[in-house]
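Now for the letters of each chain:
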Amino acid sequence: MCSRDCCSKGGVSRTKDGNPCERRAEKQETDIIVPTPQSLLYPYEMIQEIADFLVKGSGIRPKIGIICGSGLGSLADLIQNPKVFEYSKIPNFPVSTVEGHAGKLVVGCLEGVNVMAMQGRFHYYEGYPLAKCSMPVRVMKLCGVEYLFATNAAGGINPKYAVGDIMLMHDHVNMLGFAGNSPLQGPNDPRFGPRFPALVNSYNKDLINKAIDISKAMGIESSVHVGVYSCLGGPTYETIAELRALRMMGVDAVGMSTVHEVITARHCDMKVFAFSLITNKCATEYSEKKDEEANHDEVMAVAKNKQKACCEMVSRLVAEIQKSL
Ligand SMILES: O=P(O)(O)O[C@@H]1C[C@H](O)[C@@H](CO)O1
Ligand SMILES: Nc1nc2[nH]cnc2c(=O)[nH]1
């Protein structure tokens, strides 16, 4: 009861004659916390400011943006004459909190092409909203990037995949999107892209075909697949029932990233190439042994072992793009 002698009925405070209590209504109004829509977290001007800082600081306008997956930070070590920016020194940039994600942005030259690589990405499970996780993709765009290379470590659900294989992504199942979460949620800024972007053909077919040719030239084609990736929120790895459900949906590999980055990149019309390094085989039988459970140490160890092949795939593909520039 408030001091005006009100009672609460059906969650609404009312005076004795049945009218809503004004004082209570006023208080409730001030108590309501309206979350900022995701798209407003990083307005265009703020992204422009970050991009200007990076272009001015490096003296480079990159054409290709690379996001290094867990344990794949060595992709950025390929870059010549690197200018390195710690995330903590970039205005309005989040910090990396996960092992295997160094938290550095490296700008320089690879195979004659200006590139920008993120040694460390941001994940939803770190507590960042999706728009914050994929904000660097928009920064890349305003720096001049036309191609996004997104890489990740993922669990292999397709029974034909082995640990250490590479899966070229040709599509995704957006589980967080199924649940109504999107980095584009909120008012749309048309300077980035349209309100309703189409996502069919998100993964550039020409780049996938070039990567297949490269895998043949490298003699690793038997361990390179083309498949469907799905991102879950993490940080838990999946239950067996979840893995079975994903398999039934046609998912070949599962991870905790990339999809929202690809959505953001396609929204601003970047060409996308993405691959998963299969760091563990997902258990789909209840009889699996304890030592077959996914764990991050294993993910990191496999990524370390396979970084050479991943690096070669990336640099050869950049060299192919260079020919067409
Ligand atoms: O950043 P990626 O997607 O490569 O990292 C995966 C997903 C989790 O961050 C981590 C789990 O081991 O690896
Ligand atoms: N969700 C998920 N992410 C991963 N990253 C590396 N392996 C896995 C996995 O099995 N599941």
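Predicted, not measured: the structure shown is a model, and the values here were computed from it.

Conventions adopted
Residues numbered from 1 in each chain as written. Chains lettered and ligands numbered in written order. Predicted model: local features only at pLDDT ≥ 70, side-chain atom pairs only at ≥ 80, totals over all residues. Axes fitted to C-alpha atoms, helices over the stretch in contact; angles between N-to-C directions. Helix = DSSP H or I, 4+ residues; strand = E, 2+ residues; numbered from the N terminus. Parallel < 35°, antiparallel > 145°, perpendicular 65-115°, else oblique. Left-handed = near helix turned anticlockwise from the far one by under 90°. Contact = placed C-beta atoms within 7 Å. Nonpolar A, V, L, I, M, F, W, Y, C, P; charged D, E, K, R; others polar. Near = placed C-beta within 6 Å. UniProt positions renumbered as here; feature names shortened; annotations may be inferred. Buried ≥ 20, exposed ≤ 12 C-beta atoms within 10 Å, placed from the backbone. Bend = angle between axes of the 7 residues up to and from the residue.

## Some details on the packing of helix α2 (residues 44-58) against helix α4 (residues 135-143)
Between α2 and α4, the shortest axis-to-axis distance is 8 Å and the interhelical angle comes to 60°. As summarised for this structure, α2 and α4 are arranged oblique, according to the angle between their axes. As for how α2 packs across α4, the hand of that crossing is right-handed. On α4, the residues that touch I47, Q48, I50, A51, L54 and V55 of α2 are R138, V139, L142 and C143. Its residues placed into classes, the contact of α2 with α4 shows eight nonpolar, one polar and one charged.

## A closer look at the packing of helix α6 (residues 205-217) against helix α9 (residues 296-324)
At a minimum axis distance of 10 Å, the contact between α6 and α9 shows a crossing angle of 125°. In this view, α6 runs oblique relative to α9, as classed from their interaxial angle. Classified by chirality, the crossing of α9 by α6 is right-handed. Taken together, the residues of α9 that come into contact with α6 (itself represented by L207, K210, A211 and I214) are M313, R316, L317 and E320. In terms of residue class, the contact of α6 with α9 is made up of five nonpolar, no polar and three charged.

## Description of the site of ligand 1
With respect to spatial proximity, 13 residues lie near ligand 1, and among them G69, S70, N152, M256 and S257 are the closest. Mapped onto the shell around ligand 1, the elements with two or more residues apiece are β7 (147-156) and α9. Within the shell around ligand 1, the residues separate by chemical class into four nonpolar, eight polar and one charged.

## Some thoughts on the UniProt feature "binding site: phosphate" (unreviewed entry) in the protein
Here, UniProt's "binding site: phosphate" (unreviewed entry) annotation points to S70, H101, R121, F122, H123, A153 and S257. A maximum C-alpha distance of 13.8 Å places the annotated residues, which cover 188 residues in sequence, within one compact spot. By the secondary structure assignment, S70 is in the loop between β3 (64-67) and β4 (80-86). According to the C-beta neighbour criterion, S70 is buried, with 26 such atoms within 10 Å. Once you skip the residues sitting within four places of it in the chain, S70 turns out to touch G100, H101, A153, V299, M300 and A303.

## A short note on the UniProt feature "binding site: a purine D-ribonucleoside" (unreviewed entry) in the protein
Those residues carrying the UniProt feature "binding site: a purine D-ribonucleoside" (unreviewed entry) are E238 and N280 in this numbering. In summary, the annotated positions, though distributed over 43 residues, converge in three dimensions, the widest C-alpha pair being only 12.1 Å. Among the structural elements, E238 can be located in the loop between β9 (224-231) and α7 (240-248). Not counting residues within four places of it along the chain, the set of residues in contact with E238 comprises L232, L243, V254 and C282. Those residues in contact with N280, other than ones at most four positions away along the chain, are G155, V163, A294, E298 and V299.

## Things to note about α9
Of all the bends found along α9, the most pronounced is centred on K306 and spans about 55°. Taken as a whole, α9 has its buried residues at V299, A303, K306, C310, M313, V314, L317, V318 and I321.

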